[in-house]
Amino acid sequence: MRAALLFALTALTAFAGVDDTFLIRGATVYPVSGPKMENASLLVVDGKIAEIGPKVTAGKTVKVIDGRGLHVYPGMIDSATEAGMQEITSVRETADINEIGDFKPQLRAVIAVNPISEHIPVIRANGITSVMVLPGGGIIAGQAGLIHLDGWTWEEMLIKRDAAMNLLFPSIGGGGGFSMSAGPTRVSFTESKRTYDRRIKQLKDYFESARRYQKAKTAGGAGFKIDLAFEAMIPVLEGKMPLIVNAVRERAIREAVDWATKENVKIVLAGVRKPGNTLADLKAKNIPVILGPTLTLPMEEDDPYDSPFTLPNELYKAGVKFAFGSFENQFSRNLPYQAGTAVGFGLPYEEALKSVTLNPAQIWGVDATLGSIDKGKWADLMITNGDPLEVRTEVKRLYVKGKEVDIDSRHTKLYKKYLARP
Amino acid sequence: MKTAFLFLLGALCLPAAPPIVIQNANVLTITKGSFKGSVVIQDGKIIAVGEKVDIPAGAQIIDAGGQYLMPGIIDAHSHIAADSINEGAVSVSSMVGIEDVLNPEDIAIQRALAGGVTTANILHGSANSIGGKCMVIKTRWGKDTAGIQFEGAKPGIKFALGENPKRQGMPTTTGRRGGGADTANLRYPGTRMGVEDVIRQAFTEAKQYQAEWKEYEAKKARGQIVIPPRRDLKLEPLVEVLEGKRLVHAHCYRADEILMLLRVADDFGFKIKTLQHVLEGYKVAKEIAAHGAGASTFSDWWAYKVEAFDAIPYNAAIMHKKGVLVSLNSDSAELMRRLNTEAGKTVKYGGLTETEALALITINPAKQLDLDHRIGSIEAGKDADLVIYDKHPLSSFAKVQKVLIDGQVYFDRDKDISDRNQMETKKKQLLEKEKQQAPQQKKQGGAARRPV
């Protein structure tokens, strides 16, 4: 009966000329949610995973992809990027990341994603099918969104427009934000402390004002006026939208977590580099972490040389859920190598793979549709010639919602052109 | 008496350090194939390599336990271990050099070492068309300024083309990152045309200067009494370039400027030893190969500025396939620690073999520094600069276990880890001591002084 239904379904889609129904046969499938399956088949119907197993039958009209010698993984998710929001770093006109102002919760990163940015094909060619795009600047930078790296418009790319609110938690002496320039500053401690105290107060006041606004709105009295920024804060105050809280060091993390607990808001920590003794607390409070970039230098001269590489395993051992983010545009494609290096320095392999697939899907609340190869989920798939965490591995084919997407890019086009130069 | 003393001294020095044998290793020689075998080291040099070697009496044995042994990594472009990088006030700054600002205590040396790097070319910055003098070091962490220098290495000089050297000649645009100078302090050049002019002017002067000295030497040889020309510390290194005694490492991006520099060098009769970054090198690979310049590039950097917008990760592979001697460099204290996986990327981007990929960070940069008789491969007679990796070095999962320079272990991961507690204790003691002494110092020195 089911087979007949499937047949009917596939027949329909075939007639409709849709190419998001196909069968991959004889491949090694890594569902991530379970153990790998050798010589397995995978049926995708209408862009969703319909069947996985040693023997899957499909209608005669269904396109078959020979998967022998190939490996099928779920597409990867980069949990913090500037993808499509900036074309050339040094040219300000091409950047739409950092808006002016300290509190801008109403801003939405996704609408600043250029769907034909040259970066998008470059990133996805390495198996990254979806990314979080984060706005930057100020204290509350705006809303981060989760997008697919395929679509004619940003709207078509959307997975979750309001996935999270990005908060750059103030810290003493900088190093708290999205910016890569977290180096030491030449400002005295007293001055830094003063700035820090002021910004913390601003943050607290802002939340207080937002709560008053929320009350006023509920009360619905005369003279109530819509404020777009405070409107955007309501899902955060209601605990429906998580706050991405950028905090690097132990002290900032502790203060951010204490603050969030008092405010009773849901948070995801990002940019964590020296968590110190906070991990047990993060585990107890069920606070996930976006790590990255972990291919970086230790923060202090006397830190162990490998401290950024061992950090993921430290979080894993403490039971803290984490995912990797590139916090970048240029090197987003190298996301899996953060996970690979972490394996070299102790992180169990299965966990590393999850940290770029299922973990981010769970953290961003989209694991019902993304993050693993399971029946009913979108067929975001990469077919490779080996382990995607290995730098030498090539992605051979890529699918977003069951639709094959081009893995050619500006880079492959220039490569072919100039390789052929006489 | 003196003989007796000398004899005594000799006896004290003897016996010489015992030979070292690294055995049970997957040896990646780079130039002579890969096999399971051993390497014998004596007096800092490799004296034997093979599947089976004779183990000298009294040799110290390092069992690699089946792990991978490769030559120490060479980074052809680094700015570590230097207290300053750019002398940006003039367009030609060949009078300055890294030799005067070398800092053997830079922690980046230890980090590079722990990433398998044993030799690095420390370059001046890219603010000038003709920059300062460079210096090759070995990452002998713990040694002093003299101790980290690569003895006998040919000196080098940095050139720079494109956006960086012309930035000082471009008026600042508000809000533009890395923007140029303020209008009052513009420095020539401000265009790629000006960069060419600056280089041509400098070498025209250098040729005249060289001729003056030649004339002086000739007259002196004939017994004439002559006054020597006034020494010019800016032109001296350029004369060395003309005479092939100093290697040119030129920072460049775009195909047009690369071609320009090759033609300038052709006109003045010198060679560009390496083109650095050379992100559009793939567009003019045959011209680069014809000139005989090497190319030292990034694996996958791009789009950070306009001149890097046509950068592709296939650059190394195309240039290699078209006959250019290619290396991969870091230009970064961070990336320097993982040049092995940077090389690994060329297996994917352009299909290099594993040996070709490893050559990009070993024998090829050795040749680009004219040091391939000393380093870059595992061969008898070369310096015992070696790295042991737990997995194949091109793998994401590989990490460095041991690093030897001149046959001495400079990094040992197990020791590094076991020393950490001790370091932590020592740090606590020092902080405690500082705390105890702080009040006394205040009494002596009055009010706390701000550092100046």
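Residues numbered from 1 in each chain as written. Chains lettered and ligands numbered in written order. Predicted model: local features only at pLDDT ≥ 70, side-chain atom pairs only at ≥ 80, totals over all residues.

(A) Here's a closer look at the overall build of chain A. Looking only at helices and strands, chain A features 12 helices and 16 strands. Over its C-alpha trace chain A gives a radius of gyration of 23 Å, about what one expects of a compact globule, namely 22 Å for 422 residues. Based on the C-alpha atoms only, the size of chain A along its principal axes is roughly 70 × 60 × 50 Å. Here chain A holds 422 residues, and 51% of them are scored as buried. Look at the contacts in chain A between residues 6 or more apart in sequence, and 69% of them connect residues 24 or more apart. (Helix = DSSP H or I, 4+ residues; strand = E, 2+ residues; numbered from the N terminus. Rg over C-alpha atoms; globule rule 2.2 N^0.38 Å. Buried ≥ 20, exposed ≤ 12 C-beta atoms within 10 Å, placed from the backbone. Contact = placed C-beta atoms within 7 Å.)

(B) Spotlight on the overall build of chain B. From N to C terminus, chain B includes 14 helices and 16 strands. Taking the principal axes of the C-alpha coordinates as reference, chain B spans close to 70 × 65 × 65 Å. Counting all 452 residues of chain B, 49% fall into the buried class. Considering only contacts in chain B between residues 6 or more positions apart, those separated by 24 or more positions represent 67%.

(C) Representation of the sheet that holds strand E13 (residues 322–324) of chain A within the structure. Residue and element names in this part refer to chain A. One open sheet holds the eight strands; their spatial order is E6-E7-E8-E9-E10-E11-E12-E13, and the pairing between them is mixed. Strand pairing shows two members of the sheet lacking a second neighbour, strand E6 (76–81) and E13, which therefore form its edges. Each strand axis lies, on average, 25° off the axis of its neighbour in the sheet, ignoring direction. For strand E10 (residues 243–246) and strand E11 (residues 267–270), the ladder comprises four bridges, and the chain directions are parallel. Note that in E11 the partner of Val-245 across the bridge is Leu-269. (Pairing = 2+ DSSP bridges. Axes fitted to C-alpha atoms, helices over the stretch in contact; angles between N-to-C directions.)

(D) Geometry of the domain arrangement of chain A. Each assigned domain of chain A is listed here: domain 1 (2–69) and domain 2 (76–371). On a C-alpha basis, the centres of domain 1 of chain A and domain 2 of chain A stand 36 Å from each other. (Domains from an automatic or database assignment.)

(E) Broad picture of the pairing of strand E14 (residues 381–384) of chain A. Residues and elements named next belong to chain A. Side-chain alternation along E14 places Leu-381 and Ile-383 on one buried face and Met-382 and Thr-384 on a second face that is also buried. Here strand E5 (residues 71–74) runs beside E14; their pairing, made up of four bridges, is antiparallel. Bridging from a neighbouring strand, Pro-74 pairs with Leu-381 of E14. Pairing geometry for E14 and strand E15 (residues 395–400), over four bridges, is antiparallel. Bridge assignment links Ile-383 to a residue of E15, and that residue is Arg-397.

(F) Spotlight on the interface of chain A and chain B. Taken residue by residue, the interface counts 32 residues in chain A and 38 residues in chain B. Contributing elements (two or more residues each) for the side of chain A that touches chain B: helix H9 (335–344) and helix H12 (410–419) of chain A. Split into classes, the residues belonging to the side of chain A that touches chain B amount to 15 nonpolar, 10 polar and seven charged. (Nonpolar A, V, L, I, M, F, W, Y, C, P; charged D, E, K, R; others polar.)

(G) Spotlight on the domain arrangement of chain B. Residues and elements named next belong to chain B. Taken domain by domain, chain B comprises domain 1 (17–72 + 376–421) and domain 2 (73–375). If you average the C-alpha positions of domain 1 and of domain 2, the two centres end up 30 Å apart. With 22 residues of domain 1 in contact, the opposing surface of domain 2 contributes 29 residues. Looking at the side of domain 1 that touches domain 2, the elements that each hand over two or more residues are strand E5 (68–71), strand E15 (400–405) and strand E16 (408–412). By residue number, the principal contributor to the side of domain 1 that touches domain 2 is E15, which donates three residues. In the side of domain 1 that touches domain 2, the residues fall into 13 nonpolar, six polar and three charged.

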